[in-house]
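Topology and contacts: notes
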Amino acid sequence: MKTETFHIKTAIMLVSETGMASARLLLKEFPEAEIFTPRYESGCTHIESTGSFTVKNFNRYDAFIFIGSLRHLRTFHRPLREGQVHRPCRNLRGQHR
């Protein structure tokens, strides 16, 4: 039985320098993909900005993968108001974590 192979034209958008290892790993899964970045890095195609590139080339690619750095991600919440009770998170069984 002959299986059909589909090639997805993929653009890997490297947003931060720390994502290069992830981008190279993705190239193993998507060998026809190309890495684009606003920085000058070997093995990548330089672009002016990810936003303008995506707008101009949206119809040229089947998929866009954006890789950024999560190490600077922080979560913020509002402080509790006077009299407000902190309610801890519950898991799917309703137990407190």
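Here's a quick rundown of the structure. (Residues numbered from 1 in each chain as written. Predicted model: local features only at pLDDT ≥ 70, side-chain atom pairs only at ≥ 80, totals over all residues. Heavy atoms only, no water.)

Considerations on the environment of Thr10
Along the polypeptide, Thr10 turns up in strand S1 (residues 10-14). If near-sequence neighbours (up to four positions away) are discounted, Thr10 is found in contact with Phe30, Ala33, Glu34, Tyr61, Ala63 and Ile65. (Helix = DSSP H or I, 4+ residues; strand = E, 2+ residues; numbered from the N terminus. Contact = heavy atoms within 4.5 Å.)

Describing the packing of aromatic side chains
One pass over the full model with this rule turns up six aromatic pairs. For the pair Phe36 and Tyr61, a centre-to-centre distance of 5.9 Å together with 80° between the ring planes defines the contact as edge-to-face. On the criterion of sequence distance, the pair formed by Phe36 in strand S2 (residues 34-37) and Tyr61 in the loop between helix H2 (50-57) and strand S4 (63-67) is long-range, its members being 25 residues apart. You can call Phe36 buried: its relative accessible area is 3%. Classification of Tyr61 by relative accessible area gives buried; the value is 9%. (Phe/Tyr/Trp six-rings, centres within 6.5 Å; stacked < 30°, edge-to-face > 60°. Buried < 20%, exposed > 50% of the residue type's maximum accessible area, 1.4 Å probe, protein only.)

As for the sheet that holds S2
Reading across from one edge, S3-S2-S1-S4 is the order of the four strands in this open sheet, with parallel pairing throughout. For this open sheet the edge positions go to strand S3 (45-46) and S4, each flanked by a neighbour on one side alone. Bridge count between S1 and S2: three bridges; the pairing is parallel. If you follow Met13 over to S2, its bridge partner there is Phe36. Contacting S1, S2 and S4, helix H1 (residues 20-29) crosses the sheet at an angle of about 170° to S1. Against the sheet, H2 contacts S1, S2 and S4, and its axis sits at roughly 175° relative to S4. (Pairing = 2+ DSSP bridges. Axes fitted to C-alpha atoms, helices over the stretch in contact; angles between N-to-C directions.)

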